[in-house]
Amino acid sequence: MKKLVGTGVALVTPFTEDLQVDVAALSRIVDFCVDGGVDYLVVLGTTGESVTLSKKEKQLVATTVVAANAGRLPLVLGIGGNNTAAVIEELQQQDLSDFDAILSVSPYYNKPTQEGIYQHFKAIAAATEKDIILYNVPSRTGSNMLPETTLRLANDCGNIIAIKEASGDMGQIRQILHNKPAEFYVLSGDDVTALDTVLAGGSGVISVLGQGLPTEFSKMIRLGLQGESREAKALHQSLTTGMELIFEEGNPAGIKAIFELLGLCNATVRLPLIEATQSLKNKLTLFIEQFAKHTV
């Protein structure tokens, strides 16, 4: 699955002011990311506010992205949850023919043991022939999938081909990198540690900021993969403020505020999330202006 090496972006789901899925804006964002040089697109992840979408809306988002992408980039579809049987049912009912892999989050809220996490993903892997990317994000799930569990799944399940590791713990990431099977990919799920992950031997990132600044973020990761650490670190330094700001009031409020600044969609999010405050929008405006001057 070398097609998933580099910069993937976790697409937002834009909404109109009356909270309907904004199909035109989503198509614009897909074009913006493709033209900006990202390597693949991730649909209906956390950043896409998937938990607030109905089944019909999820299908609309997936169909829109497939049509707008028009086969230009590989696509990954988010299907995960804390009800193993429901995840399997969704996998088996969904037309996956346009997608190269599934991104599946570690079970949240019910806080399973490591054995429970292992059995959850083992059951999902057995239910589909599609390649699966594990997603560990302890800050959201309330539990951390330990390296031993990740490595056990990587060795035991042939179609579990990667992990999106968003713990932000470089010690944990290095442990996976040093002990993983050769063809298992470690992808950063945390923008701030993405370059460090790549320089340590990781295969790339599934980014949030990368969809707002696709050219620059993709270049940073590409340089890191090529071992051009000095230039990559300089780019990382210029992007760091943006990485931090977009999460200041929760995701995807920050990245949607950037898209509003860029004229690609408005900043509307669905409850229980709240649109970025004017204070944050002002900070993001300043960041974008200063970043543009820095990269000229």
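Going by the structure above, here's the rest.
Quick caveat, the model's predicted, so the values are computed rather than measured.

**Focus: the packing of aromatic side chains**
Move 1: Tallied over the full model, the rule gives 1 aromatic pair.
Move 2: Relative to Phe 291, the ring of Phe 287 lies with its centre 5.7 Å away and its plane at 35 degrees, an arrangement referred to as tilted. Of this pair, Phe 287 and Phe 291 both sit in helix α12 (residues 278-295), 4 residues apart, which is roughly one turn of the helix. Across this residue pair, the class does not change: Phe 287 and Phe 291 are buried.
Move 3: Taking NZ or CZ as reference, Arg 152 lies 3.5 Å from the ring centre of Tyr 118, over its face.
Move 4: When the ring centre of Tyr 135 is taken as origin, the NZ or CZ atom of Lys 164, which lies over that ring, is 4.1 Å away.

**Examining the sheet that holds strand β1 (residues 6-10)**
Move 1: Read around the closed barrel, the 8 strands follow the order β1-β2-β3-β4-β5-β6-β7-β8; overall the barrel is parallel. Mean inter-strand twist for the sheet, computed between neighbouring axes without regard to direction, equals 25 degrees.
Move 2: Relative to strand β6 (residues 160-165), strand β5 (residues 131-136) runs parallel, the two sharing 5 bridges. Residue pairing in the sheet places Ile 133 in a bridge with Ala 162 of β6.
Move 3: Relative to strand β4 (residues 101-105), helix α4 (residues 114-126) is tilted by about 160 degrees, and along the sheet it contacts β4, β5 and β6.

**Some words on helix α2 (residues 55-69)**
Move 1: The terminal C-alpha atoms of α2 lie 21 Å apart, and with 15 residues this matches the ideal 21 Å at 1.5 Å per residue to within 8%.
Move 2: Where α2 is concerned, the buried positions are Glu 57, Val 61, Ala 62, Thr 64, Val 65, Val 66, Ala 68 and Asn 69.
Move 3: Packed against the buried residues of α2 are α1 (23-36), β2 (40-43) and β3 (75-78).
Move 4: Directly after α2, the chain includes Ala 70, whose backbone phi takes a positive value near 50 degrees.

**So, the pattern of salt bridges**
Pairs may arise between side chains of opposite charge once their charged atoms sit close together.
Move 1: Summed over all chains, the structure comprises 9 salt bridges.
Move 2: When the shortest N-O distance is used, the salt bridge between Asp 31 and Arg 72 registers 2.6 Å. You can see Asp 31 sitting in helix α1 and its partner Arg 72 sitting in the loop between α2 and β3, a full 41 residues away along the chain.
Move 3: A relative accessible area of 33% places Asp 31 in the partly exposed class.
Move 4: Among the residues examined, Arg 72 registers a relative accessible area of 38% and is labelled partly exposed.
Move 5: Taking the shortest distance from any N to any O, the salt bridge between Lys 219 and Glu 231 comes out at 3.6 Å. One end of the pair, Lys 219, is in helix α9 (residues 214-225); the other, Glu 231, is in helix α10 (residues 229-245), with 12 residues separating them in the sequence.

**Brief notes about the packing of α4 against helix α6 (residues 147-156)**
Move 1: Direction vectors running N to C along α4 and α6 enclose 30 degrees, while the axes themselves pass 10 Å from each other. Relative to α6, α4 is oriented roughly parallel. Pair α4 / α6 crosses with right-handed handedness. Judged by residue contacts, Gln 114, Glu 115, Ile 117, Tyr 118, Phe 121 and Lys 122 of α4 engage Thr 149, Arg 152, Leu 153 and Asp 156 from α6.
Move 2: Residue composition of the contact of α4 with α6, by class: 4 nonpolar, 2 polar and 4 charged.

**A word on the packing of α9 against α10**
Move 1: Look at α9 against α10: their axes get within 9 Å of each other, and the N-to-C directions meet at 140 degrees. If you check the angle between α9 and α10, you find them oblique. Considering only the axes of α9 and α10, their crossing is left-handed. The residues of α10 that touch α9, namely those facing Glu 216, Phe 217, Lys 219, Met 220, Leu 223 and Gly 224, are Glu 231, Ala 232, Leu 235, His 236, Leu 239 and Met 243.
Move 2: Looking at the contact of α9 with α10 residue by residue, the classes come out as 7 nonpolar, 2 polar and 3 charged.

Basis of the calculations
- Residues numbered from 1 in each chain as written.
- Predicted model: local features only at pLDDT ≥ 70, side-chain atom pairs only at ≥ 80, totals over all residues.
- Heavy atoms only, no water.
- Phe/Tyr/Trp six-rings, centres within 6.5 Å; stacked < 30°, edge-to-face > 60°.
- Helix = DSSP H or I, 4+ residues; strand = E, 2+ residues; numbered from the N terminus.
- Buried < 20%, exposed > 50% of the residue type's maximum accessible area, 1.4 Å probe, protein only.
- Lys NZ or Arg CZ within 6 Å of the ring centre and 35° of its normal.
- Pairing = 2+ DSSP bridges.
- Axes fitted to C-alpha atoms, helices over the stretch in contact; angles between N-to-C directions.
- Contact = heavy atoms within 4.5 Å.
- Expected span 1.5 Å × (residues − 1).
- Salt bridge = Lys/Arg side-chain N within 4 Å of Asp/Glu carboxyl O.
- Parallel < 35°, antiparallel > 145°, perpendicular 65-115°, else oblique.
- Left-handed = near helix turned anticlockwise from the far one by under 90°.
- Nonpolar A, V, L, I, M, F, W, Y, C, P; charged D, E, K, R; others polar.

Remember that the coordinates give geometry; whether it matters functionally is a separate question.
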